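# Descriptive structure summary
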Amino acid sequence: MGAMLAITAMPAQAAWKSYINRELGFSFRVPGELKTEIGTYRGAIAGPRQTIIYRSMEDNIEYKVTVMTFFQAQAEGATILGEREYMFQNGKKVLTDAFGRVEPGKDAVYGRKLIVELPDHKGRTTAAFYFTKGRLISLEATVLPANGDFDSPDPGLFVDSIAFVLSRTEPGAIELATPKLE
Amino acid sequence: MVIAALAATSAPASAAWRAYISHPLGFAFAAPGELTMEKGTYRGIVAGERDAIIYRFADDNIEYKAVVIDLAGKSNDAATLLGEAEYLFQEDKKLLMDAFGRVDRQYGRKLTADLPNNGGRTTAAFYAINGRIISLQATVLPANGDYDTPEMGRFVDSLTFFTVRAPDDAIELPEPPK
């Protein structure tokens, strides 16, 4: 009887779905209803950039994939990536800053995975950053105070779901459209 | 007075630090001791085999080296290749520090690790610029034993990519033999 009560008291969880964008060359898994937006980013080195954002919200966790293109500055990818990582954690309390690696062997893409606490008790964000084939791709999952489970495995599940070798993507992944940038 | 004089005479003789510059490679740094240069090969699973130049110094049982890895033909993968080089540096070592590095508009990483089997402590900085990975690495050997020496930090932090920042008397680094 107690177990039954516990089950019915749990919040309803949306199913995790797999998404793929063949044009941009990656796939990931996320729960909730995914929306597409165009945003902006500005870094001292990267300059002003339009961004493509895939965003969803589930159980008071915000999930966000951001894509920026740097085809003319691929050789500067290491510094552009470093600047993005630095700006992400600047002014926040860094809990983890570790190597990230996606794909095995010679297909490996190296990046960073960071976990930070947001100022003013606004939550905890887990993020991963990669620069590959002229694109800077970041995944960020923020557990909001309304959720409160800052050790939830869901942010890690999200950022670790990224794949660049698309044959690894599970069959039936939902195809994502790429919005046109100016 | 006697104590001070004794202390002064018992301190190990340290070589003077000199500034070095490479205009073709676009960087400068400072190091103590005699310079030796060698050609080498860097290997990474993603990078494959890459030509490398190593500028090496030794002083007071600290090894200093500036490593230049040629990314010719793969410079568009610099972000991943830099990450791989950093990863390989710390692999199988006890990582003590892994932090942002930033020099002259270039972002990289600075790492400190203890070597296996009490082999010493090494501090390194890694940057990717102009189709090359530039890494400065300083290793305090057990014979020195002062693993908190500021000399490691002095070496890796002496790096500059704005060659106008190098001292006027900086010594031009030799180019590797063809």
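Report on the accompanying structure. (Residues numbered from 1 in each chain as written. Chains lettered and ligands numbered in written order. Predicted model: local features only at pLDDT ≥ 70, side-chain atom pairs only at ≥ 80, totals over all residues. Heavy atoms only, no water.)

Between chain B and chain A, the contact holds 22 residues from the first and 23 residues from the second. For the pair chain B and chain A, the summed buried surface comes to about 2000 Å²; carbon and sulfur atoms form 59% of the total. In this assembly, chain B and chain A are joined by two salt bridges. Among the salt bridges present, the one from A:Asp97 reaches B:Arg109, with a minimum N-O distance of 2.9 Å. On the surface where chain B and chain A come into contact, there are five residue pairs in polar contact (both at pLDDT 80 or more). Elements supplying a minimum of two residues to the side of chain B that touches chain A: α2 (78-90), β6 (94-103) and β7 (106-114) of chain B. Sort the elements by how many residues they give to the side of chain B that touches chain A and α2(B) lands first, with nine residues. Across the side of chain B that touches chain A, the residue classes tally to 10 nonpolar, six polar and six charged. (Contact = heavy atoms within 4.5 Å. Buried area = accessible area lost by both parts, 1.4 Å probe. Salt bridge = Lys/Arg side-chain N within 4 Å of Asp/Glu carboxyl O. Polar contact = N/O pair within 3.5 Å; in protein donor to acceptor, adjacent residues only side chain to side chain. Helix = DSSP H or I, 4+ residues; strand = E, 2+ residues; numbered from the N terminus. Nonpolar A, V, L, I, M, F, W, Y, C, P; charged D, E, K, R; others polar.)

Take the sheet that holds strand β10 (residues 171-172) of chain B next. Residue and element names in this part refer to chain B. Strand order in this open sheet of three strands is β2-β1-β10, and the pairing throughout is mixed. Two strands bound the open sheet, and with one partner strand each, they are β2 (27-32) and β10. Sheet topology places strand β1 (residues 17-22) next to β2; six bridges connect them, and they run antiparallel. Each bridged residue has a counterpart across the sheet, and for Ile21 the counterpart in β2 is Ala28. (Pairing = 2+ DSSP bridges.)

Looking at the element boundaries, B:Gln106 is found in strand β7. Engagement of the side chain of B:Gln106 in a polar contact is seen with the side chain of A:Thr79, the distance being 2.7 Å. With residues up to four places along the chain from it excluded, the contact list for B:Gln106 reads A:Thr79, B:Gly101, B:Tyr127, B:Ala128, B:Ile129 and B:Phe161.

Inspection of every chain in the model, using the stated rule, returns 22 aromatic pairs over all chains. Between the aromatic rings of A:Phe70 and A:Phe131, the centroid separation amounts to 6.1 Å while the plane-to-plane angle is 35°, which identifies the pairing as tilted. Note that A:Phe70 is positioned in the loop between β5 (61-69) and α2 (77-89) and A:Phe131 in strand β8 (residues 124-132), a separation of 61 residues in sequence. Of the two residues, A:Phe70 and A:Phe131, neither departs from the other in class, the shared state being buried. A centroid spacing of 5.9 Å and a plane angle of 85° characterise the contact between B:Phe29 and B:Phe155, whose relative ring orientation is edge-to-face. Taken together, the residues B:Phe29 in strand β2 and B:Phe155 in helix α3 (residues 151-156) connect sequence positions 126 residues apart. An aromatic cluster is built from A:Trp16, A:Tyr19, A:Phe26, A:Phe28, A:Tyr54, A:Tyr63 and A:Phe158, whose rings are joined through pairwise contacts. The ring centre of B:Tyr87 lies 4.9 Å from the NZ or CZ of A:Arg101, which sits over that ring. Lying across the ring of A:Tyr86, B:Arg102 places its NZ or CZ 4.8 Å from the centre. (Phe/Tyr/Trp six-rings, centres within 6.5 Å; stacked < 30°, edge-to-face > 60°. Buried < 20%, exposed > 50% of the residue type's maximum accessible area, 1.4 Å probe, protein only. Lys NZ or Arg CZ within 6 Å of the ring centre and 35° of its normal.)

Bringing the nonpolar core into the picture now. A:Phe70, A:Ile80, A:Phe131, A:Leu136, B:Ile69, B:Phe126 and B:Ile133 are the most contacted members of the largest nonpolar core, which totals 39 residues. Contributing elements (two or more residues each) for this core: α2, β7 (109-117) and β8 of chain A together with β4 (48-59), β5 (62-70), α2, β7 and β8 (121-129) of chain B. When residues in this core are grouped by element, the largest group, six residues, is from α2(B). Residues within four places of B:Phe126 in sequence aside, it is in contact with B:Leu82, B:Ala85, B:Glu86, B:Phe89, B:Gly108, B:Arg109, B:Leu111, B:Ile133, B:Ile134, B:Ser135 and B:Gln137. (Core = buried A, V, L, I, M, F, W, Y, C linked by side-chain atoms within 4.5 Å.)

All we've got here are geometric facts, nothing functional implied.
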